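# Analysis of the macromolecular model
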Amino acid sequence: MINKIIDILDELKSEGIEKYLITKTEKSSSELFFIKKKLDVRRSKNVIDYNVTVYHDIEKDGVKLRGSTGADIFPSMTDEEIREKLKEAYFAAQYAANPFFELVQGDGKAVVDNSVKHQSTEEAARAMAGALFSVDNDDEAFINSAEFFAVNETRRIVNSDGVDVSFNKFNLNGEFVTQCKTEEDVELYYSFEYDEVNEKALAEKAAEGIKAAKDRSVAKRCLASGNYDIILSGNELATVLSYYTDKSNASYIYSKYSDYEVGTETQGDEVKGEKLNITCIATQPYSDEGIKMSDLKLVENGTLKAIHGVNRFSQYLGIDPTGFYEKIRLDAGTQSVEDMKKKPYLQAVKFSDFQMDAFTGHFGGEIRLAYLFDGEKITKITGGSINGIITKAHKNLVFSKEQYSDSHYEGPLAVRIENVAVAGSV
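Residues numbered from 1 in each chain as written. Predicted model: local features only at pLDDT ≥ 70, side-chain atom pairs only at ≥ 80, totals over all residues. Heavy atoms only, no water.

### Side note on the packing of aromatic side chains
Formally: Note on aromatic contacts: the rings of Phe and Tyr and the six-membered ring of Trp form a pair at centre separations within 6.5 Å, being stacked when their planes are under 30 degrees apart, edge-to-face when over 60 apart, and tilted otherwise. By the criteria applied, helices consist of DSSP H or I runs no shorter than four residues and strands consist of E runs no shorter than two, each listed in order from the N terminus. Only protein chains enter the calculation, and the probe is 1.4 Å; a residue is then buried if its accessible area is under 20% of its type maximum, exposed if over 50%, and partly exposed in between. By the criterion adopted, a ring carries a charge over it if an Arg CZ or a Lys NZ lies within 6 Å of its centre and within 35 degrees of its normal.
Applying the stated criterion to the full structure yields 20 aromatic pairs. Centre to centre, the rings of Phe148 and Phe192 are 5.8 Å apart; their planes meet at 50°, and the pair counts as tilted. Placement of Phe148 in strand 6 (residues 141-159) and of Phe192 in strand 8 (residues 186-194) is noted, with a sequence separation of 44 residues between them. The exposure class of Phe148 is buried, given its relative accessible area of 0%. For Phe192, a relative accessible area of 4% gives the class buried. Taking the centre distance of 6.4 Å and the plane angle of 50° together, the rings of Phe354 and Phe363 count as tilted. Neither residue differs from the other here; Phe354 and Phe363 are each classed as buried. By the ring-pair criterion, three or more aromatic residues cluster together here, those being Phe34, Phe133, Phe148, Phe176, Tyr190, Phe192 and Tyr194. One cation-aromatic arrangement involves Lys36 over Phe142; the distance from NZ or CZ to the ring centre is 5.1 Å. Between the NZ or CZ atom of Lys350 and the centre of the ring of Tyr190, over which it lies, the distance is 3.9 Å.

### Some points on the side chain of Gln179
What counts is decided by this rule: Polar contact is the term for a pair of N or O atoms within 3.5 Å; when the atoms are in protein, one must be able to donate a hydrogen and the other to accept it, and sequence-neighboring residues count only if both atoms are side-chain atoms. Contacts are residue-level and defined by heavy atoms, with any inter-residue pair within 4.5 Å sufficient.
As for its position among the elements, Gln179 is in strand 7 (residues 164-180). A polar side-chain atom of Gln179 sits 3.0 Å from a polar atom in the side chain of Asn144. Beyond its immediate stretch of four places on either side in the chain, Gln179 contacts Glu140, Ala141, Phe142, Asn144, Asp185, Val186, Glu187 and Ala213.

### With respect to the nonpolar core
In globular proteins that are soluble, nonpolar side chains generally tend to be buried together. As a reminder of what qualifies: Here the nonpolar core consists of buried residues drawn from Ala, Val, Leu, Ile, Met, Phe, Trp, Tyr and Cys, with membership extended through side-chain atoms lying within 4.5 Å.
By size, the foremost hydrophobic cluster in this structure holds 60 residues, and its most contacted members are Ile230, Leu232, Leu276, Leu346, Phe363, Ile386 and Ile417. Residue contributions to this core peak at six residues, all from helix 5 (residues 235-247). For Leu346, the residues in contact, after removing those within four places along its chain, are Leu223, Tyr228, Asp229, Ile230, Ile231, Ile367, Ala370, Tyr371, Leu372 and Val422. Core analysis: the next-biggest nonpolar cluster, separate from the first, contains 31 residues, Leu32, Ile143, Tyr190 and Leu202 among them.

### Quick word on the packing of helix 3 (residues 121-133) against helix 4 (residues 199-218)
Rule in force here: Inter-axis angles, ranging from 0 to 180 degrees, are taken between N-to-C directions of lines fitted to C-alpha atoms, where helices are fitted over the stretch in contact. The crossing is said to be left-handed when, going from far helix to near helix, the turn is anticlockwise and less than a right angle, and right-handed when the turn is clockwise. Note that Gly is not counted as nonpolar here; it falls among the polar residues with everything else outside the nonpolar set of Ala, Val, Leu, Ile, Met, Phe, Trp, Tyr, Cys and Pro and the charged set of Asp, Glu, Lys and Arg.
Running from amino to carboxyl end, helix 3 crosses helix 4 at an angle of 35°, the nearest separation of the two axes being 8 Å. Of the two elements, helix 3 crosses helix 4, and the hand of that crossing is right-handed. Contacts from Ala127, Met128, Ala131 and Leu132 in helix 3 reach Glu199, Leu202, Ala203 and Ala206 in helix 4. Looking at the contact of helix 3 with helix 4 residue by residue, the classes come out as seven nonpolar, no polar and one charged.

Here it is, written out as structure tokens:
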């Protein structure tokens, strides 16, 4: 099919279509849907998608520009239908013109990377389901539903400038809901995503979710407004760290949303807590544009060591493109979670929606469940919201020795952040 698309593109050179990027994505997947512990629906899919991006060069006021538009191509389409689809995309691309940039260059030789081990999607999904329900044995709280999606993917990327690469990816993701009716009928939603079968990690997440539902059912709305030392963990910690990856992205810097440059002290001066050491992890051998990817040291002892980004924005900044990274690693911290909890704290473990705004540095969300330690006793809390500003808080970060890992983050399980504003529930 790719050869057919290339042949049609060659025919359309006379109409101006000379530059293109073709992506073929072949997915085989298994899906399991549970109501409580009973398998309700089982599905398997095999899908092949083709997408062609065509580029349209124009000149405006003496400046060369390049626009692009993507078109989905289906195997059932006739040659004439494909031809018309590509011509329509080429016509539309002139209205999406940006400063000129070159496509990723290749040598014309096909490169196949099979470094990712293919797994049986059915076996993977069932193994993870077994791990999830292995901890569902509480008398009061339980898992009321769960969904599992295991996907084997083969991707091929071909462009008009000699790129021709293929590689495999594996992904396991899903969601589950825990419920408890002890005092208040409560349901809590959780999602998960891993690059491989990780029964231990999912079982731990499920156990935490069951406990959280039980605690949320009896939690009280008694949190007073004020400033607290907070503890965040897992997904919320990863979300906070996205501030640094966003600010060091070429698209943010080119658009003036960020003033980061290599050498920037990301935590400012006089850091009293732990300094950041962040590495961008290459989860696939080539980017979706065909850029060869490798791990990238982003921040070392708080100092920005690199700018990362896709091809277009990297060229605008005059740096080598790295591709888009989907995962980061943070070096291990110095304190155990137990030590973090020796002083008063507010540990928020479940939010309605936790967010980080890279433009302003604000982070936070509405609390569904938190534990408040006043130095003597722990109180289960619901309601209120955390309203932090990372640029005020990151001089005093303390990370845990305990580790956490999923498809997008690996590193310390928890962080303690001093003096964060909290809106109370009373």
